[in-house]
Amino acid sequence: MIRRPPRSTLFPYTTLFRSREEIIPKAAHYDKTGEFPWDIVKKGFEIGLMNQRVPTEYGGGGLSTLDACIVTEELAYGCTGITSAITSAGLGQTPVIHFGNEEQKRKYLTPMTQEPMHAAYCVTEPTCGSDVNGVQTRAVKKGDHYVLSGQKMWITGGGVARWYFVLARTDPDPMAPASKAFTGFIVDADFPGVIKGRKELNMGQRASDVRGVTFEDVLVPKQNVLMSEGAGFRIAMGAFDATRPPVAASATGLAKRALEEATKYATERKTFGVPIGEHQGVAFMLADMAIGVELARLSYVKAAWQNLYGQRNTYTASIAKAFASEVANKCAADAVQIFGGSGFNSEYPVEKLMRDAKILMIYEGTSQIQRVIIARELLKNVGNR
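Given the structure is predicted, the values throughout are model-derived calculations rather than measurements.

A. Structural detail: the nonpolar core. Of all hydrophobic cores here, the largest spans 39 residues; its most connected members are L254, L286, M289, C331 and I338. Elements supplying a minimum of two residues to this core: α5 (65-78), α10 (232-268), α11 (280-308), α12 (314-339) and α13 (350-357). Look past the residues within four positions of I338 in its chain and what remains in contact with it is A262, Y265, I276, V282, M285, L286 and M289. Judged by nonpolar contacts, the second largest core, of 31 residues, contains L109, A176, I186 and A231.

Here's what the structure looks like:
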């Protein structure tokens, strides 16, 4: 039976918080300084943008993934780095929202709706990212606690998070299957032994706080285990079905910005006596960008729609993430090309779009990993589509 979707609460968010007014004027500053955009984050918190998918019973917005995607696209039009600063807590929250018990949800989700705070998702390590089975962080049970030791890397929100979702190996057998070898933990950032590394100086999305986090014999109470010991891999991977569509939406917002900047420039810049947009070579580039933007949006809408109606969306979420992120990169690169020499200069907006776009093909599963997932789902379901 198909359940009825919740009433959309999208309207107040998009009317009260316009990325063109709040984000674009400050995006270049945060890109240059690498500072965390607390002023914008606090404004976003005040109107509910930081806890969009936290259920209403815990004080959140209770938005569907589809509504959250539409909001994310609008924010990302302004700056994907600032968008990440506002919304990245959602990735850390998702394992708790979907797999936490009542006590865990009230303890860790409710406070996030009372003041601006972050959560972070700690799976990637210096020696493994896509190869989750290679995670070396370990947790050993001792009495009523687990002793957690290891290092995580490239953690979005790592320096500002109040707590982390951490994936760690609890089965010492190196041959144990991933489905049983790992456990998911909620780890408070102020637990003794939690060490936040320096903020990384990245190519793009510089407003986002990305750094390593080290766990040195951190005592984690057994009450902070999500579901049960050995369920960590399922939790970690299950979260992506809900979070990859918003990444695709963020990519779509960036692509849309690139298209609009390039289109505007193509009507203003003249060569051979006419606007460059009247030259077929440029016009076709703009047309291809427009095609990509519209199809990227449709891809994330379908994946989010399936999630909204309780349908398994692993296949469509990976398609949306891979396709939209690649569209964003192509649109940004083409915008730079249309701007010509000006596009290579930081006084114009498109070079930043090109730098910001690249990570969209990497985080939350590379484009290559998305293709592995898509092919696996396709072959597994032969005859069932």
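After that view of the structure, there is still more to cover.
B. Structural view of the pattern of salt bridges. On inspection of all chains with the given rule, the structure shows 22 salt bridges. With its nearest N and O atoms 3.1 Å apart, the salt bridge here joins K43 to E22. Of this pair, K43 sits in helix α4 (residues 38-46) while E22 sits in helix α2 (residues 19-22), placing them 21 residues apart in sequence. On the accessibility criterion, K43 (37% relative accessible area) is partly exposed. Owing to a relative accessible area of 22%, E22 belongs among the partly exposed residues under this scheme. A salt bridge links R376 to E377; the shortest N-O distance between them is 3.8 Å. The network of salt bridges with shared partners includes R312, R376, E377 and K380.

C. Quick look at the packing of aromatic side chains. Scanning all chains against the criterion turns up 9 aromatic pairs. Pairing Y164 with F215 gives two aromatic rings, centres 6.1 Å apart and planes at 85°, and the pair type is edge-to-face. Of this pair, Y164 sits in strand β4 (residues 161-169) while F215 sits in strand β7 (residues 210-221), and the two are 51 residues apart along the sequence. An aromatic cluster of at least three residues, connected via ring pairs, comprises Y121, F165 and F240. Here R20 stacks its cationic end above the ring of Y77, 4.0 Å away from the centre of that ring. The ring of Y77 carries R257 above its face, with NZ or CZ at 5.7 Å from the centroid.

D. How the structure looks around the packing of α5 against helix α6 (residues 80-87). Relative orientation of the contacting elements α5 and α6 amounts to 135°, with a least axis distance of 6 Å. Classified by the angle between their axes, α5 and α6 sit oblique to one another. Counting all contacts with α5, which are made through T72, L75 and A76, the residues of α6 involved are T80, T83 and T87. Its residues placed into classes, the contact of α5 with α6 shows 2 nonpolar, 4 polar and no charged.

E. A look at the side chain of N224. Looking at where N224 falls in the secondary structure, it is placed in the loop between β7 and α10. You can call N224 buried: its relative accessible area is 3%. In this structure the side chain of N224 is engaged in a polar contact, spanning 2.7 Å, whose partner is the backbone oxygen of I186. Once residues within four sequence positions are removed from consideration, N224 is found in contact with Q104, Y108, G184, F185, I186, D188 and F191.

F. Spatial organisation of α4. Taken residue by residue, α4 has I40, V41, G44 and F45 as its buried positions. Seen along its axis, α4 keeps its buried residues to an arc of 140°; they face one direction. Where α4 is buried, its residues contact α2, α3 (24-33), α6 and β1 (118-122). G48, located one to two residues past α4, shows a positive phi value of around 90°.

Procedures and definitions
- Residues numbered from 1 in each chain as written.
- Predicted model: local features only at pLDDT ≥ 70, side-chain atom pairs only at ≥ 80, totals over all residues.
- Heavy atoms only, no water.
- Core = buried A, V, L, I, M, F, W, Y, C linked by side-chain atoms within 4.5 Å.
- Buried < 20%, exposed > 50% of the residue type's maximum accessible area, 1.4 Å probe, protein only.
- Helix = DSSP H or I, 4+ residues; strand = E, 2+ residues; numbered from the N terminus.
- Contact = heavy atoms within 4.5 Å.
- Salt bridge = Lys/Arg side-chain N within 4 Å of Asp/Glu carboxyl O.
- Phe/Tyr/Trp six-rings, centres within 6.5 Å; stacked < 30°, edge-to-face > 60°.
- Lys NZ or Arg CZ within 6 Å of the ring centre and 35° of its normal.
- Axes fitted to C-alpha atoms, helices over the stretch in contact; angles between N-to-C directions.
- Parallel < 35°, antiparallel > 145°, perpendicular 65-115°, else oblique.
- Nonpolar A, V, L, I, M, F, W, Y, C, P; charged D, E, K, R; others polar.
- Polar contact = N/O pair within 3.5 Å; in protein donor to acceptor, adjacent residues only side chain to side chain.
- Arc of directions from axis to C-beta.

Note that every value here comes from positions in space, so none of it alone points to a role or purpose.
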